[in-house]
Amino acid sequence: MYTRRFFLRASAVAMAGVGMAPPWLVRAAAETSRRRKILVAIFQRGAADGLNIVVPFFESRYYDGRPTIAVPQPGKPNGAIDLDGRFGLHPNLQPLKAMWDAGQLAIVEATGSPDPTRSHFDAQDFMESGTPGRLTEDGWLNRALAPTDPQSSPLRAISIGAQLPRTIRGRQPAVAVSDVTQFQVRNRQLAGILENMYATTADEKLLATGKEAFDAAKMIETITRAPYAPANGAQYIGEFGRSLQQVARLIKADVGVEVAFADIGGWDHHFNEVPQLATVLQQFGASLAAFARDMGDRMEDIVLVTMSEFGRTVKEDGNNGTDHGHGNVMFAMGGAIRGGQVYGRWPGLAPEQLYEQRDLAVTTDFRDVLGELAAGHLGQKADRVFPGYQSSTRLGLLKT
Amino acid sequence: MTRTGWLLISALLLTAAALRGHAADRFDLKLPTDKQIVHVLNRLTFGATPEDVDRVKRIGIDAWIDQQLHPERLTENPALDVRLRQFQTLALPMWQILDKYPAVPPALTARPPSLDALLSLTPQQRNILQSCSVEERRVMLDALDPQKRGLVLAASTPQTLEGLPDDLIQQGANARKAEQEARQKEFRRLMPPLSELLSPDQIRTVTNGTVEEKLGLLDSFDADKRRQVVRALPPQAYATVPALRREAMAASQPQNFVNSELIEQKLLRAVYSNRQLEEVLVDFWTNHFNVFNGKGQDRVLLTSFEREAIRPHVFGHFKDLLLATARHPAMLFYLDNWQSQAPRDDLPVPAGVRRPGLNENYGRELLELHTLGVNGGYTQDDVIAVARAFTGWTIYDPQKFAEFQFNPGVHDRREKVVLGHPIPAMGGEQDGVEVIDLLAHHPSTAKFISKKLAQRFVADDPPAPLVDRMAATFASTDGDLRAVLQTLFKSPEFLSEGAWHAKLKSPLEMVVSSVRAMNADVADAFVLSQRVADLGEPLYGKIEPSGYPNTGDAWTNTATVMGRINFASALSAGQVPGVKVDVSRFNFKDVATVARTLLNAPPSPSTLSAIEQGIQSAEATPSMLAGLVLGSPDFQRR
């Protein structure tokens, strides 16, 4: 049974034998003993309906506003899973209950952006860049990385998918991978020529991207020689499950992953929300739980955080769905998380407590959550991750 | 040194400095004529074919652009017409598509006998069943013949069954079970698995045999049996046989079949059409008015959408294009407007019952993405007012006809104010038309559309003066898109050094330009379309209403770079099923010549030397050489 340490040493040795072991691979092999801290960011694109995901079942106004689409009280058929007597999980998030009970899952309520935009694309851009109200080219997750030295792994910042999202774009090189097993130059004879071409081109953008691609491809090649089997019987579901599985594989390969990003779409439920939300939450919950299960005791070093560009209206719309809203819910998972509680100040659902008289208000800026996690877990200064922002709230999400 | 000497030297130094200055920003520096031709081809087409440069040279750039702006004057490429003939759905009216390619086979949507039985009861009988006492219900049911009784019970609700004696309840349960079993049996009869249709040997032939063997076996069956067998085929049986694949898809996934014909048609047109600018514009506007093929009925409505709402208007007036998309069921469905209704706060509705109401989705995207743009100067109140104006714009029978219909019963008749413009009450369908008119003529729309066009045809960050001039043309010609394009193509900025190679190709552009540059023969575009999707641009597959981006940032990442490199070498090695290449014209040619042929420009020094140095050891064949050029950084730009 090959352990990852064996593979790493074997590949480093094999490549060193040809005089080719890159410094980052050697260092990564040496550093397996030092446990690296990893931050995984998950974006739910389309404005996920936080009120139906973490249900404020103690609020009668929740039921008044959503006569057909509210999640029933705990105990009723298809009812919420009681967490603390006030909030409950949507029943399809059952796989996450064990993590909550074990204190590894925290929920932050009424989070969001101070910017009032209800445009998906603007709000996503603001949340990804971490500078609400103005567009910055790079993303908060990239700024959460310490500066690269030439010895750094090309895979320290990875994103699953064919596009490189703004969250992870920036000064530190980041790699977009749609499928780990396909990420290499098929025609081996030409690989060197192509690498040279991209390494010397005057086209600055393609030069940078090309270098990242080839460095990452070489590294990934060593990882994907053996097929991947999730540990502990973890079962990932769907496209999102596949993305998380690739993150898990890359982390476990000990190639120096520090931050990872994946997204999941299909949350924009203007119409016929109940069955659609149930379907996407099934994939969401099962795959998050599978990731934790697969990573096993390595979850001690991993923090996974979820977010969405804004929430949805408190009242249902005319089509069994909801419209764009404001405040939303965020999850934080991992061994270092002080889980089993709901954080944030719940603003209430009375008309005067709502944002613009229609949405859940925001009482915790999303940057407070992400900044605290980036600072506490990765050791990066929060004002470097969110320049120009001074956090006034300390949530205490992390154990140390 | 004399004064003249110093002057000469400073003049030389200044000129050198000017020449060395970043050509990338020089929208005032005109391109030399030979580069102009290539540039015009790069921008107005999906990539130059080997004959294109000479063709443009022969008739002159202005005349060629004029032809492209008036495609009706061009005869179409017979190679395209031949390939389009194989498609069955492209010209069909919507109702026929829905009829011939249903989501679920009609036999399975037929009303079950139990429901029929329930509905065949007299009104008195039904009334007894719903409202009367247990005793009265039992008496009524006992009076029915046993079979009918069973069916009625099977279709009854728990309220109706409440309190009835156990034997009646049991009868209902038995009848329901029997009905379900009959349904499953019918399902299996209509769609039997392969094991019930063929012998093990025949199954082996049809899944693993040669193309001739497969087709031979299928031809030996009568029409009914053939239909059943084809429907039951596993993907590996038909994956490499285009004709069989089409037949199997049409039989087993009819709606995917319809959409896949649309996708293949788009690719074939991009590759073969002589009316290249028209195809580029259809792509542009289909993206601008994005509709996602994964949302329910849109999968089959897109065929008509592109054919009737987009294509006829790309050289016409923007307001006509806008109105056509607003009325088309594909858009009404995609952005939920078909379900949007006037908020009826005056109607008493019992608790727990759905109160239908306003859906803002289309109103918002119409303002944000289709016309004014996110900074165009509208408010949330405008979004709501626009949404209210479009209430009643809905779809008649989306499952059978999918036609536009105005439903006055759900229209919000009250007055609205849109962008400061009052729309009086009782306007009806005209409200929406008035909003379209208002938005089409709004100055922000002229700017927003002009900027997007300039991004597509000039540079990601087009010079503001050009955009302003285009917007002025837009405004003064009532949104004549042909006129706006003429302003664009005749502008100094268009044919400038600043625009040369300024654009990064999208996945569609990279794939099609590779095929055109290689003069490849596309007999079947299905696999090619999958390659475009692998590079990050599944056609008609963008979930978000903003469509695929017009700028290069989205396509600059490691996954797409790797993907393009691999596609390039697969294409030139003849490893893309359905596409044949002939590299013989590159035989015995040196690297620089091959590169220049494919790029229509000299290769960059870095690309040239990387290839020349590398091929010594690699024993490069002409196809490898072509693959290297098509995968080079040079070829990713247009």
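From a predicted model like this one, the values you see are computed outputs, not experimental measurements.

**Quick notes on the confidence of the model for chain B**
Alright, step 1. Of all residues in chain B, 93% have pLDDT values of 70 or greater, and the mean over the chain is 90.
Alright, step 2. Taken together, the chains of this predicted complex give a pTM of 0.79 and an interface ipTM of 0.81.

**Brief notes about the interface of chain A and chain B**
Alright, step 1. Taken residue by residue, the interface counts 51 residues in chain A and 53 residues in chain B.
Alright, step 2. Three residues stand out in chain A for area buried against chain B, namely Phe121, Ile193 and Met197 of chain A, and they jointly supply 14% of the buried area on that side.
Alright, step 3. For the pair chain A and chain B, the interface holds three salt bridges.
Alright, step 4. In this structure, the salt-bridge partner of Arg637 of chain B is Asp203 of chain A, at a minimum N-O distance of 2.5 Å.
Alright, step 5. Run the count over chain A and chain B and you get seven residue pairs in polar contact (both at pLDDT 80 or more).
Alright, step 6. Broken down by secondary-structure element, the contributors of at least two residues to the side of chain A that touches chain B are α6 (120–129), β7 (175–177), α8 (188–200) and α9 (204–223) of chain A.
Alright, step 7. Its residues placed into classes, the side of chain A that touches chain B shows 21 nonpolar, 19 polar and eleven charged.

**Here we look at the pairing of strand β2 (residues 403–406) of chain B**
The side chains of a regular strand alternate, residue by residue, between the two faces of the sheet.
All names here are of chain B.
Alright, step 1. Only one face of β2 is buried: it carries Phe404 and Phe406, and the other face, with Glu403 and Gln405, is open.
Alright, step 2. Pairing of strand β1 (residues 393–396) with β2, which is carried by four bridges, proceeds in the antiparallel orientation. Bridging across to β2, Thr394 finds its partner in Gln405.

**Quick look at the environment of Asp49 of chain A**
Residue and element names in this part refer to chain A.
Alright, step 1. Among the structural elements, Asp49 can be located in the loop between β1 (38–44) and α3 (50–53).
Alright, step 2. In this structure, the C-alpha to C-alpha distance between Asp49 and Leu277, residues 228 residues apart in sequence, is 8.3 Å.
Alright, step 3. Sequence-distant contacts of Asp49, defined by excluding residues within four places in its chain, comprise Arg66, Glu273, Arg312, Thr322 and Asn328.

**Some details on helix α27 (residues 430–440) of chain B**
Since there are 3.6 residues in each turn of an α-helix, residues three or four apart along the chain are aligned in direction.
Alright, step 1. Among the residues making up α27 of chain B, those that are buried are Asp431, Gly432, Val435, Ile436, Leu439 and Ala440 of chain B. Seen from one end, α27 of chain B has its buried residues packed into an arc of 165°, which puts them on one side.

**Structural notes on the nonpolar core**
Alright, step 1. Ranked by internal contacts, the top residues of the largest apolar core, which has 232 residues, are Phe291 and Phe331 of chain A together with Trp285 of chain B.
Alright, step 2. Residue contributions to this core peak at ten residues, all from helix α11 (residues 273–295) of chain A.
Alright, step 3. Setting aside its immediate chain neighbours within four residues, Trp285 of chain B contacts Ile310, Val314, Phe318, Leu321, Ile449 and Leu481 of chain B.
Alright, step 4. Listed in part, the 37 residues of the second largest apolar core include Val259, Phe261, Phe366 and Val385 of chain A.

**Considering the sheet that holds strand β2 (residues 54–55) of chain A**
Residue and element names in this part refer to chain A.
Alright, step 1. Read from one edge of the open sheet, three strands run β2-β4-β3, paired in antiparallel fashion. Only two strands of the sheet have a single neighbouring strand rather than two, namely β2 and β3 (81–82).
Alright, step 2. In this structure, β3 lies alongside strand β4 (residues 88–89), joined through two bridges in antiparallel fashion. Bridging across to β4, Asp82 finds its partner in Gly88.

**Some details on the packing of helix α20 (residues 254–272) of chain B against helix α32 (residues 526–534) of chain B**
All names here are of chain B.
Alright, step 1. At a closest axis distance of 9 Å, the pairing of α20 and α32 adopts a crossing angle of 85°. One finds that α20 runs roughly perpendicular with respect to α32. Here α20 contributes Ser260, Ile263, Glu264 and Leu267 to the contact with α32, which in turn contributes Phe526, Leu528, Ser529 and Val532.
Alright, step 2. Residues belonging to the contact of α20 with α32 are distributed by class as follows: five nonpolar, two polar and one charged.

**Re the pattern of salt bridges**
Alright, step 1. Evaluated as defined, the whole model comprises 60 salt bridges over all chains.
Alright, step 2. Across the salt bridge formed by Asp524 of chain B and Arg246 of chain B, the nearest N and O atoms sit 3.4 Å from each other. Of this pair, Asp524 of chain B sits in the loop between β5 (521–522) and α32 while Arg246 of chain B sits in helix α19 (residues 242–252), and the two are 278 residues apart along the sequence.
Alright, step 3. A relative accessible area of 5% means that Asp524 of chain B is categorised as buried.
Alright, step 4. On the basis of relative accessibility, which here comes to 14%, the residue Arg246 of chain B falls in the buried class.
Alright, step 5. By sharing partners, the salt bridges in this structure join Arg118, Asp323, Glu356, Arg358 and Asp359 of chain A together with Glu360 and Arg364 of chain B into a single network.

**As for the side chain of Glu128 of chain A**
Alright, step 1. Mapped onto the secondary structure, Glu128 of chain A falls in helix α6.
Alright, step 2. Each residue touching Glu128 of chain A, except ones within four places of it in the same chain, is listed here: Phe43, Arg45, Gly139, Trp140, Pro165, Arg166, Thr167 and Phe261 of chain A.

**Brief notes about the packing of aromatic side chains**
Alright, step 1. Evaluated as defined, the whole model comprises 25 aromatic pairs over all chains.
Alright, step 2. Ring geometry for Trp285 of chain B against Phe289 of chain B: centres 6.0 Å apart, planes inclined by 25°, an arrangement best described as stacked. We note that Trp285 of chain B, like Phe289 of chain B, is buried.
Alright, step 3. Here the basic side chain of Arg45 of chain A rests over the ring of Phe43 of chain A, its NZ or CZ set 4.9 Å away from the ring centre.

Calculation rules
- Chains are numbered independently. Their residues run from 1 in the order of the written sequence.
- Following the order in which they are written, the chains are lettered starting with A and the ligands numbered starting with 1.
- Under the rules for a predicted model, residues below a pLDDT of 70 receive no local features and side-chain atom pairs below 80 are neither given nor counted, while totals for whole chains, interfaces and linings still include all residues.
- Hydrogen atoms and water are omitted, and side-chain values are computed over all heavy atoms in the structure.
- How sure the predictor is of each residue is captured by pLDDT, a score from 0 to 100.
- Should any heavy atoms of two residues lie within 4.5 Å, those residues are considered in contact.
- Buried area is calculated as the accessible area (1.4 Å probe) missing from two parts once they are joined, with the contributions of both summed.
- Only one rule defines a salt bridge in this text: a Lys or Arg side-chain nitrogen within 4 Å of an Asp or Glu carboxyl oxygen.
- Identification of polar contacts relies on pairs of N or O atoms within 3.5 Å, with a donor-acceptor requirement for protein atoms, meaning one able to donate a hydrogen and the other able to accept it, and with residues adjacent in sequence counted only if both atoms are side-chain atoms.
- Helix and strand assignments come from DSSP, with helices taken as H or I runs of at least 4 residues and strands as E runs of at least 2, each series counted from the N terminus.
- When residue character is reported, Ala, Val, Leu, Ile, Met, Phe, Trp, Tyr, Cys and Pro are called nonpolar, Asp, Glu, Lys and Arg charged, and the others, Gly included, polar.
- The buried label applies to any residue whose accessible area, calculated with a 1.4 Å probe on protein chains only, is under 20% of its type's maximum; exposed applies above 50%, and partly exposed to all values in between.
- Strand pairing requires that DSSP identify at least two bridges connecting the strands.
- The arc in question is the one traced by the directions running from the helix axis out to the C-beta atoms.
- What is meant by a nonpolar core is a set of buried Ala, Val, Leu, Ile, Met, Phe, Trp, Tyr and Cys residues, joined one to another through side-chain atoms within 4.5 Å.
- Helix axes use the C-alpha atoms of the stretch in contact, all axes being lines fitted to C-alpha atoms, and the angles between their N-to-C directions lie in the range 0 to 180 degrees.
- Roughly parallel means an angle under 35 degrees; roughly antiparallel means over 145; roughly perpendicular covers 65 to 115; every other angle is labelled oblique.
- Whether two aromatic rings pair depends on their centres lying within 6.5 Å, for rings of Phe, Tyr and Trp, where Trp uses its six-membered ring; planes under 30 degrees apart make the pair stacked, over 60 edge-to-face, and the rest tilted.
- Our definition puts a charge over a ring when NZ of Lys or CZ of Arg is within 6 Å of the ring centre and also within 35 degrees of the ring normal.

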